[in-house]
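Summary of structural features
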Amino acid sequence: MRIDYDALSQTLAALTEGETDPVALMATMACELHHADDRFDWTGFYRNVGAEMLKIGPYQGGHGCLTIPFSRGVCGAAARSGEVQIIEDVLAFPGHIACSSTTRSEIVLPVHDGTGALLGVLDIDSDRPAAFDATDAEGLARLLAQTFAR
């Protein structure tokens, strides 16, 4: 099963209508995303807690890392650079943080609120190599903007 970004956009809009709490929005989105695509092995958010540090937020899947500095890993790179990270082989990524031994590829997107402030990052891991592409980056970016930047 592969994610239908247009259908999920409608579902998320209905589920989050009127909600402004970022953690509630993250929890809802993590759940909906995780169950929308069988490539998604771990789906969740790391929240920007200041001092260039990310802390685990709502997620679906096995345990994640509790904290990630902006200076380390794929999540840190997305937070630091403000750019989407698509990693086809996490073992080839310098400084990759192995929160799970099953992760083979990863996509991480920065999450901003309506003022442009960094709320955190959306991290999706797959147990398949090269699981993500530009279509996923575009679809996920649209969902994030729709949900958090309103």
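Up top you'll find the structure we're talking about.
Residues numbered from 1 in each chain as written. Predicted model: local features only at pLDDT ≥ 70, side-chain atom pairs only at ≥ 80, totals over all residues. Heavy atoms only, no water.

**Details of the packing of aromatic side chains**
- This model, assessed by the stated rule, comprises 4 aromatic pairs.
- Judged by centre distance (6.0 Å) and plane angle (45°), the ring pair of phenylalanine 40 and phenylalanine 132 falls under tilted. Placement of phenylalanine 40 in the loop between helix H2 (22-34) and strand E1 (42-48) and of phenylalanine 132 in the loop between strand E6 (118-126) and helix H4 (134-148) is noted, with a sequence separation of 92 residues between them. Across the pair, exposure class does not vary: phenylalanine 40 and phenylalanine 132 are buried alike.
- Considering the side-chain rings of tryptophan 42 and tyrosine 46, the 5.7 Å spacing of their centres and the 20° angle between planes classify their relative orientation as stacked.
- Taking relative accessible area as the criterion, tyrosine 46 reaches 1% and is therefore assigned buried.
- Following the ring pairs from residue to residue traces out a cluster consisting of Trp42, Tyr46 and Tyr59. (Phe/Tyr/Trp six-rings, centres within 6.5 Å; stacked < 30°, edge-to-face > 60°. Helix = DSSP H or I, 4+ residues; strand = E, 2+ residues; numbered from the N terminus. Buried < 20%, exposed > 50% of the residue type's maximum accessible area, 1.4 Å probe, protein only.)

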